[in-house]
Amino acid sequence: KQEVTQIPAALSVPEGENLVLNCSFTDSAIYNLQWFRQDPGKGLTSLLLIQSSQREQTSGRLNASLDKSSGRSTLYIAASQPGDSATYLCAVSPRQEGGSEKLVFGKGTKLTVNP
Amino acid sequence: DAGVIQSPRHEVTEMGQEVTLRCKPISGHNSLFWYRQTMMRGLELLIYFNNNVPIDDSGMPEDRFSAKMPNASFSTLKIQPSEPRDSAVYFCASSFLRHSNQPQHFGDGTRLSIL
């Protein structure tokens, strides 16, 4: 059974710092890995999606990497801002018969960026 | 573009009552997902539909839970009878299944409290 772990559970940094969030998964048979952002009282917003054949994806100050063989992904946030404060969730789509729709989520890392 | 719309946003009811949660997916999307989020267990997939047909309901906790998708623009998740342990935030998400490169779009959730 696929399991996704995110460490640390919470992280507090000063504004302007570059930071890395970690995600690990137990089964490398995946279609893709996704990073989401969740603000309090809100749903999830998709940030980046990395296909299993890709190594990384970039969007603005965000860069996500995928090392499928070791079951790891990182989300790099450059020059962090207070507006980046949120919970960041990692999810994988297990490769299985019938398609790639299911997502298995980690419990998230709660990020606080202090001004 | 309107996102995924869920109603109600909050629901407080007494144990034993029937609860119905509603979801309107993004127009044109052909897959719909129901998730439950708790502090203890994180975000868990309950059931998902493709082209209005339930594909995987293995996450539905027990027979008290049922979900329907009568057409492409509406889905319900029903709990009958409700119990205090059902208290959680329930999210609906939709996507367009084509290849394994389409992110899921989430609604803002329904916060359910069973007294």
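Scroll up a little and you will see the structure.
## Let's talk about the overall build of chain A
- What chain A contains, in helices and strands, is zero helices and 11 strands.
- Across chain A, helices and strands are ordered from the amino to the carboxyl terminus as β-β-β-β-β-β-β-β-β-β-β.
- For chain A, whose C-alpha radius of gyration is 14 Å, the value lies close to the compact-globule estimate of 13 Å for 115 residues.
- In terms of principal-axis extent, the alpha carbons of chain A reach across some 45 × 30 × 20 Å.
- Counting all 115 residues of chain A, 46% fall into the buried class.
- Long-range contacts, defined as pairs at least 24 residues apart, comprise 56% of the intrachain contacts of chain A with a sequence gap of at least 6.
- A total of about 5400 Å² of accessible surface is found on chain A, and carbon and sulfur atoms cover 47% of it.
- The positive charge centre, built from 11 side chains, and the negative charge centre, built from 10, are 4 Å apart in chain A.

## Quick look at the side chain of A:Gln38
- Structurally, the position occupied by A:Gln38 is in strand 4 (residues 30-38).
- A polar atom in the side chain of A:Gln38 sits 3.1 Å from the backbone oxygen of A:Lys42.
- In this structure the side chain of A:Gln38 is engaged in a polar contact, spanning 3.1 Å, whose partner is the side chain of B:Gln37.
- Among residues more than four places away in sequence, those in contact with A:Gln38 are A:Gly43, A:Leu44, A:Ala86, A:Thr87, A:Leu89, B:Gln37 and B:Phe91.

## Structural notes on the sheet that holds strand 7 (residues 65-71) of chain B
Residues and elements named next belong to chain B.
- The strand order across the open sheet formed by four strands is 1-3-8-7, and the pairing between neighbours is antiparallel. Looking along the sheet, the strands with just one partner apiece sit at the ends: strand 1 (5-7) and strand 7. Sheet twist, expressed as the average angle between the axes of neighbouring strands with direction ignored, equals 15°.
- Here strand 7 runs beside strand 8 (residues 74-79); their pairing, made up of five bridges, is antiparallel. If you follow Phe65 over to strand 8, its bridge partner there is Ile79.

## Structural notes on the interface of chain A and chain B
- Residue-level contacts link 18 residues of chain A with 26 residues of chain B.
- When chain A packs against chain B, the two sides together hide about 1700 Å² of surface, and 50% of this comes from carbon and sulfur.
- The tally of links between chain A and chain B comes to two salt bridges.
- A salt bridge links A:Lys42 to B:Asp108; its shortest N-O distance comes to 3.8 Å.
- Where chain A packs against chain B, one counts five residue pairs in polar contact (both at pLDDT 80 or more).
- Every element with two or more residues in the side of chain A that touches chain B is listed here: strand 4 and strand 5 (44-51) of chain A.

## Side note on the packing of aromatic side chains
- Per the stated rule, a full pass over the model turns up eight aromatic pairs over all chains.
- Ring geometry for B:Phe91 versus B:Phe106: centroids 6.3 Å apart, planes at 75°, classification edge-to-face. Residue B:Phe91 is located in strand 9 (residues 88-95), and its partner B:Phe106 is located in strand 10 (residues 105-106); the two are separated by 15 residues in the primary sequence. In this structure, B:Phe91 and B:Phe106 share a single accessibility class: buried.
- Through pairs of rings, three or more aromatic residues link up here, namely A:Phe36, A:Phe105, B:Phe33, B:Tyr35, B:Tyr48, B:Phe91 and B:Phe106.

## What to know about the pairing of strand 11 (residues 110-114) of chain B
All names here are of chain B.
- Of the two faces of strand 11, only one is covered, namely that formed by Thr110, Leu112 and Ile114; the face formed by Arg111 and Ser113 stays uncovered.
- Here four bridges tie strand 2 (residues 10-13) to strand 11, and the two strands are oriented parallel to one another. Paired with Val12 across the strands is Ser113, a residue of strand 11.
- As paired elements, strand 9 and strand 11 share three bridges and run antiparallel to each other. Residue pairing for strand 11: Tyr90 is matched across the bridge by Thr110.

Definitions and cut-offs
Residue numbers run consecutively from 1 along every chain, following the written order of its sequence. To label them, take the chains in the order written and letter them from A, then take the ligands in the order written and number them from 1. Only residues with pLDDT of at least 70 get local features here, since the model is predicted, and only at 80 or more are side-chain atom pairs given and counted; chain-wide, interface and lining totals rely on the full set of residues. Each side-chain value is worked out from all heavy atoms of the structure, with water and hydrogens disregarded. By definition, any uninterrupted DSSP run of H or I lasting at least four residues is a helix, any uninterrupted run of E lasting at least two residues is a strand, and each is numbered from the N terminus. Only C-alpha atoms enter the radius of gyration, while the globule expectation follows 2.2 Å times N to the 0.38, with N the number of residues. Only protein chains enter the calculation, and the probe is 1.4 Å; a residue is then buried if its accessible area is under 20% of its type maximum, exposed if over 50%, and partly exposed in between. Whether two residues touch is decided by their heavy atoms; if any such pair falls within 4.5 Å, the residues are in contact. Only the protein chains shown count as cover for residues, and all accessible areas are computed by the Shrake-Rupley method using a 1.4 Å probe. Charge convention: Lys and Arg are scored as positive, Asp and Glu as negative, and His as well as the terminal groups of each chain are ignored. Each charge is placed at NZ for Lys, CZ for Arg, CG for Asp and CD for Glu. Pairs of N or O atoms within 3.5 Å make up the polar contacts considered here, provided that, within protein, one atom can donate a hydrogen while the other can accept it, and that residues adjacent in sequence are counted only when both atoms are side-chain atoms. DSSP bridges decide pairing: two strands pair if at least two such bridges lie between them. Axes, fitted as lines to C-alpha atoms, cover a helix only where it is in contact. Angles between the N-to-C directions of the axes lie from 0 to 180 degrees. Note on terms: buried area is the combined drop in 1.4 Å-probe accessible area of two parts once they are placed together, counting the loss on both. The term salt bridge refers to a side-chain nitrogen of Lys or Arg lying within 4 Å of a carboxyl oxygen of Asp or Glu. Working definition: a ring pair exists when centres of Phe, Tyr or Trp rings (six-membered ring for Trp) sit within 6.5 Å. Plane angles under 30 degrees give stacked, over 60 give edge-to-face, the rest tilted.

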